[in-house]
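# Tertiary structure, described
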Amino acid sequence: MAAGMTGLGKRDKGKSAVRTCSGSKKDEEEKGEEMGVLKIGGVDCRSLAEQFGTPLYVYDEGRIAEQARAAVENFRSEKFETEVAYASKAFSSKALFRLLSGEGLGLDVVSGGELYGAMEAGVDMKRVYFHGNNKSNEEIEMGLEAGVGYFVVDNVMEVDRLVSAAGGAGKKAKALLRINPGISAHTHEYIMTSKPDSKFGIYIENRAQIEQVMDILDADENIELAGFHSHIGSQIVEAESFEKALGTMIGFLADIKASRGVDGFELSIGGGFGIKYVEEDRPVPLGQMCASLVRYAEEALEKSDVTISKLITEPGRAVVGEAGYTLYTIGDMKKSGDKNYIFVDGGMSDNIRPALYSAEYTCALAEKLTEKPAASYCIAGKNCESGDVLIADAKLPEAKTGDLLVVYSTGAYGYSMASNYNRLGRPAVVFVRDGKARLVIRRETYADQYSLEV
Ligand SMILES: *Cc1c(COP(=O)(O)O)cnc(C)c1O
């Protein structure tokens, strides 16, 4: 795998093409670095490792901004309002929330904890969508108090609790009802959310429950049913599944219009856009996906007699995934059976996805990008589980202890799913941009880890 996968590599290549060779020692060094050593956001990975230690999550801020912009600029229509809300569960930090708010995105939260971060970061609460299939009363009250724009409601019991909390607090909010459109997309079972028996939302055929929610909200003064929501799964690389879901939801709106005489709802089509993890992955770029979904919605609406007032999408992974890198230092190595193990200084405690979903990643020796692959390695972590394997079969140049190993595309569901397993301590997070690195989340110390114990 070459650095070319990252987009960063592409930029660097462009730079070296315009540089004229002066033959000075400095230029030679720079050229050497660019050829063989990974730079992220213009910062040499060795200096990142030196300054912040490993394992280290590194985000290319420029790349996050690019993705955010691609989504916002392409998710536009003349026919209805649009909004891109970042799904914060993919990676949440106040610095990121500020960055994305600045780029014009709204925000999805699924818990009081995520909402708290959004409040602290100064996110516009009107643009916050409060998700979750089992919000506690405290979370509902917190959302009402904060003035979140939307509650994405999951079930009848929640609607009852929301209505009564809003009545008690004298607060108003909009609701989107989560519908399970029953679209099966091609992805891992655990990240597929749209089977008829899914725990999320109300199944589209379950008209009785849907009508019940609509009746409760019709009769209520504080919570307005603004529209409907669907989210079919994650790491879906083809547009077709989203188009199917859109078509199904627009058909659903037509039924609702026919049976209840209401039209002009807001419609959220969720997120789940896939990214590139391994060479074979061919995701539709986020901007292109956004543009084609808006066109598809416009055409489908044109053919029906339904209108929508707003179309919402909620990308998480596609905004931050490919912008994130994890740097590890190689420790011991050994041969076991026919496996060549490389042990790194992190593992499933900073990236659970391979163990949880059999997710695949690509890695490289960050200082040997131009060296040819020499061996097959199994990249394992230092957590006490046989399943703590990050990459089962990585073709790499000859590796040695002390080398830096980079795993690409770890920006989504890495830090946010990180744990304290084996008390390794969560790695630090740095943002890099224009040749500068800034610490965003510091490394968890041993003392941090025991700081909650009374
Ligand atoms: C997880 C989730 C998202 C984001 O999914 P990605 O795969 O990260 O884009 C969006 N909306 C809802 C409701 C989700 O649960």
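See the structure shown above.
Now for a description of the structure that goes with this document. (Residues numbered from 1 in each chain as written. Predicted model: local features only at pLDDT ≥ 70, side-chain atom pairs only at ≥ 80, totals over all residues. Heavy atoms only, no water.)

### A few points about the overall build of the protein
Scanning the protein from terminus to terminus reveals 14 helices and 20 strands. At 24 Å, the protein has a C-alpha radius of gyration in line with the 22 Å of a compact globule built from 454 residues. For the protein, the C-alpha atoms occupy an extent of roughly 75 × 55 × 45 Å along the three principal directions. When the 454 residues of the protein are sorted by exposure, 54% land in the buried category. Across the protein, contacts joining residues at least 24 apart in sequence account for 71% of those joining residues at least 6 apart. Here the protein contributes 53 positive and 68 negative side-chain charges, whose respective centroids are spaced 5 Å apart. (Helix = DSSP H or I, 4+ residues; strand = E, 2+ residues; numbered from the N terminus. Rg over C-alpha atoms; globule rule 2.2 N^0.38 Å. Buried < 20%, exposed > 50% of the residue type's maximum accessible area, 1.4 Å probe, protein only. Contact = heavy atoms within 4.5 Å. Lys, Arg positive; Asp, Glu negative; His and termini not counted. Charge placed at Lys NZ, Arg CZ, Asp CG, Glu CD.)

### Let's talk about helix H6 (residues 112-120)
For H6, every residue scored as buried is listed here: Gly112, Glu114, Leu115, Gly117 and Ala118. Check the buried side of H6 and you find it contacts helix H5 (94-102), strand S5 (106-109), strand S6 (128-130) and helix H7 (137-146). Count one or two residues on from H6 and you reach Gly122, which has phi positive near 80°.

### Points about the site of the ligand
The immediate surroundings of the ligand are formed by 16 residues, with Lys89, Ser234, Glu314, Arg317 and Tyr413 found nearest. A distance of 2.7 Å is found between an oxygen atom of the ligand and a backbone nitrogen or oxygen belonging to Arg317. For the ligand, the protein covers 94% of the area, taking 390 Å² as the surface of the free molecule. In the shell around the ligand, the residues fall into 4 nonpolar, 7 polar and 5 charged. (Near = heavy atom within 4 Å. Polar contact = N/O pair within 3.5 Å; in protein donor to acceptor, adjacent residues only side chain to side chain. Areas by Shrake-Rupley, 256 points an atom, 1.4 Å probe, with all protein chains shown as cover. Nonpolar A, V, L, I, M, F, W, Y, C, P; charged D, E, K, R; others polar.)

### Some details on the environment of Glu138
Structurally, Glu138 is set in helix H7. In the structure, Glu138 is positioned 189 residues away from Leu327 in sequence and 38 Å away in space, judged by C-alpha atoms.

### Examining the pattern of salt bridges
Per the counting criterion, the structure on display carries 26 salt bridges. Between Glu158 and Lys135 there is a salt bridge, with the nearest N and O atoms lying 2.6 Å from each other. With a gap of 23 residues between them, Glu158 in helix H8 (residues 156-169) and Lys135 in the loop between S6 and H7 connect regions that are remote in the sequence. For the pair shown, Glu158 and Lys135 are each scored as buried. Put simply, Lys257 and Asp263 hold a salt bridge, and the shortest N to O gap is 3.7 Å. A relative accessible area of 24% places Lys257 in the partly exposed class. The class of Asp263 is partly exposed, set by a relative accessible area of 31%. By sharing partners, the salt bridges in this structure join Glu211, Asp215, Asp218 and Arg260 into a single network. (Salt bridge = Lys/Arg side-chain N within 4 Å of Asp/Glu carboxyl O.)

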